[in-house]
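Below, each chain spelled out in residue letters.
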Amino acid sequence: MTKPLILSLPFLLFSPDILADNHQAPEEAKRAQTVADVIERPGVLTPKGQFGVEASLNYSQNSSNKVNIIGYTVLPTLIIGRIEVSDSDRTTITAGLTGRYGLTNDTEIEIRLPFVYRNDQISVRPIQDGAADETINSDLDGGGLGDIEFAIRHQFNFETTPYWVGSLRIKSDTGKSPYDIDVDPRTNALKDAPTGSGFWSIEPGISMIYPTDPAVLFASASYIYNFKDDVDFDGQSAEIDLGDTISLGAGLGFAINPDLSLSIGFSHQTILKSKVDGRTDDEAKLLQLDSMTFGVNYAFSPTSSVNISAQAGLTEDTPDFQLNVRVPFSF
C-alpha cells in the first residue's frame, strides 16, 4: 500500500540562493539554504526560537486496467470459467499544513496536518457478455483528516562538503483506515474513502547535498518501518504487518537567476511483502515504484517562495501523475 505522501526526493526543489551563490562564504546563505534543500522545503533552516509555516497541495492520478480469469484452463487457448475486465481511475487530493520550529540553529522539529480527498471510479464487466447493463460501476467519493506526521531533522556538518542531514519521521494513524471500511462484494472495492494507512510507522533517513558550481547534486535514503496491529474485518480478527518501504533518490538542481531555479530527480521505492498473522500470502509480491520529477522554484520575497513539481510514474504500481504545489513562509 502506498501513500501519496509524500516521502522524499520526488518533491525536492532547490532554492535559487544556494545554486546562484556557490562562491559565498560559509557564514552566508549557503549554510541555511543547503539544509533547506535537503529537508524538502525552500528558504532558510528555521533558526533557533523561530517558526515557519508551509501550505501544500498535492494532486495524484492513477489508473489501472486489468483482465481477471475466474476459472481454469483446459488448453492454452481454452478457458473454462468467467473472464472479467476492470477499469479503475483513482484521484487523490491532499492539502497539507506544516509547522516547523527551530530548537537550535542546526536542529528543527515539524508537525504536518494532511487533509485528504479521494474519488475512485471502478467499472467491472464480464467480457463474454455484450449487454451494457452487465457492467458494474462503483463510485467512491469522500475524505477527511489524514495521518498526522511528526519529524525532527539535524544537520551534521557545515564547513565541509558534502553536507549531511539526518531525519526521523513518525506517522500516526489518525486517518480513516481501509481495514475499518466495508468492501463491496461486487467489485471488491471499499464502500468509503480511506484517508490513512491505519498503522503507525517510523522513518529514519539520511540526505546528502553536494554543491558543484553551477549545479547542486542531492541524494537521500530512508526506511519506513510499519508497526503491526490487530484489525477486524468480515467478523474475524487478524494481525496485519504491512510491508516496510526502502526509499532511494537522487537528482540535481540548477539556478536560472537569483530568484528562479529548476530541478530534476529520480526516486525509487521497494515495498516489501505484507504479512497476515505472521504468514506471507501466496499472492503477495514486492512492489517497485519508480518515478521522475521535474520542479521549479521561484522566490518572490526573502521569506517565502512557491514550488511547483510534476512527477511521472515509470512503473505499473506508481501513480501515473502527481502535481505538488508548496508555499512556505518564514517568520
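Quick caveat, the model's predicted, so the values are computed rather than measured.

## Observations regarding the overall build of the protein
When its secondary structure is counted, the protein shows 2 helices and 18 strands. Burial statistics for the protein: of 331 residues in total, 43% are counted as buried. Of the accessible surface of the protein, which amounts to about 16,600 Å², a share of 58% is contributed by carbon and sulfur atoms.

## Concerning the confidence of the model for the protein
Mean pLDDT over the protein stands at 78; residues scoring 70 or higher make up 73%. Within the model, the stretch residues 1-18 combines pLDDT values under 50 with 84 contacts to residues more than four positions away or in other chains. When the criterion is pLDDT under 50, residues 68-83 qualifies, and its contacts beyond four places in sequence or with other chains add up to 26 contacts.

## Quick look at the pattern of salt bridges
In this structure the tally under the stated criterion is 13 salt bridges. The partner of E110 in a salt bridge is R169, with the nearest N and O atoms 3.6 Å apart. Highlighted residues: E110 in strand β3 (residues 107-126) and R169 in strand β6 (residues 163-171), separated in sequence by 59 residues. Judged by its relative accessible area of 12%, R169 is buried. Between D147 and K171 there is a salt bridge, and its shortest N-O distance comes to 2.9 Å.

## Here's the deal with unusual backbone geometry
Put simply, T161 and P162 share a cis peptide bond, and its omega is 0 degrees. Its location among the elements puts P162 in the loop between β5 (149-155) and β6.

## Focus on the packing of aromatic side chains
The tally for this structure, following the rule as stated, stands at 2 aromatic pairs. Where Y179 meets F199, the ring centres are 5.7 Å apart and the plane angle is 85 degrees; that geometry is what we call edge-to-face. One end of the pair, Y179, is in the loop between β6 and β7 (183-184); the other, F199, is in the loop between β8 (189-190) and β9 (201-212), with 20 residues separating them in the sequence. Assessed through its relative accessible area of 1%, F199 is described here as buried. With 5.1 Å between their ring centres and 85 degrees between their planes, Y225 and F227 make a pair best called edge-to-face.

## Observations regarding the side chain of Q155
The topology assignment puts Q155 in strand β5. The exposure class assigned to Q155 is buried, which follows from its relative accessible area of 1%.

## Re the side chain of Q269
Structurally, Q269 is set in strand β14 (residues 260-271). Judged by relative accessible area, Q269 falls into the buried class, the value being 18%. At 3.2 Å, the side chain of Q269 forms a polar contact with the side chain of S247.

## Some words on the pairing of β5
Of the two faces of β5, only one is covered, namely that formed by E149, A151, R153 and Q155; the face formed by F150, I152 and H154 stays uncovered. Summarising the sheet, β5 and β6 pair through 7 bridges and their orientation is antiparallel. When the sheet's bridge partners are listed, E149 is paired in β6 with K171.

## A word on the pairing of β6
Note that β6 and β9 share 9 bridges and pair antiparallel. Across the sheet, I170 pairs through a bridge with I202, a residue of β9.

## Here we look at a negative patch on the surface
There is a patch of like negative charges on the surface, built from D173, D180, D229, D230, D232 and D277. Along the chain, the position of D230 falls in strand β11 (residues 229-233).

## Considerations on the environment of G175
Its place among the elements puts G175 in the loop between β6 and β7. The sequence separation of G175 and T195 amounts to 20 residues, and the corresponding C-alpha distance is 5.0 Å. The residues touching G175, leaving out its near neighbours within four places in the chain, are L145, G146, D147, T195 and G196.

## Re the environment of T245
Relative to the elements of secondary structure, T245 occurs in strand β13 (residues 245-257). Once the C-alpha coordinates of T245 and I224 are considered, the two residues, 21 residues apart in sequence, prove to be 5.0 Å apart. Not counting the four nearest positions on each side in its chain, T245 is found in contact with S222, Y223, I224, Q269, T270 and I271.

About the cut-offs
- Residues numbered from 1 in each chain as written.
- Predicted model: local features only at pLDDT ≥ 70, side-chain atom pairs only at ≥ 80, totals over all residues.
- Heavy atoms only, no water.
- Helix = DSSP H or I, 4+ residues; strand = E, 2+ residues; numbered from the N terminus.
- Buried < 20%, exposed > 50% of the residue type's maximum accessible area, 1.4 Å probe, protein only.
- Areas by Shrake-Rupley, 256 points an atom, 1.4 Å probe, with all protein chains shown as cover.
- pLDDT = per-residue confidence, 0-100.
- Contact = heavy atoms within 4.5 Å.
- Salt bridge = Lys/Arg side-chain N within 4 Å of Asp/Glu carboxyl O.
- Phe/Tyr/Trp six-rings, centres within 6.5 Å; stacked < 30°, edge-to-face > 60°.
- Polar contact = N/O pair within 3.5 Å; in protein donor to acceptor, adjacent residues only side chain to side chain.
- Pairing = 2+ DSSP bridges.
- Patch = residues over 30% accessible without salt bridge, like charges linked within 9 Å, V, L, I, M, F, W, Y side chains within 5 Å.
- Lys, Arg positive; Asp, Glu negative; His and termini not counted.
- Charge placed at Lys NZ, Arg CZ, Asp CG, Glu CD.

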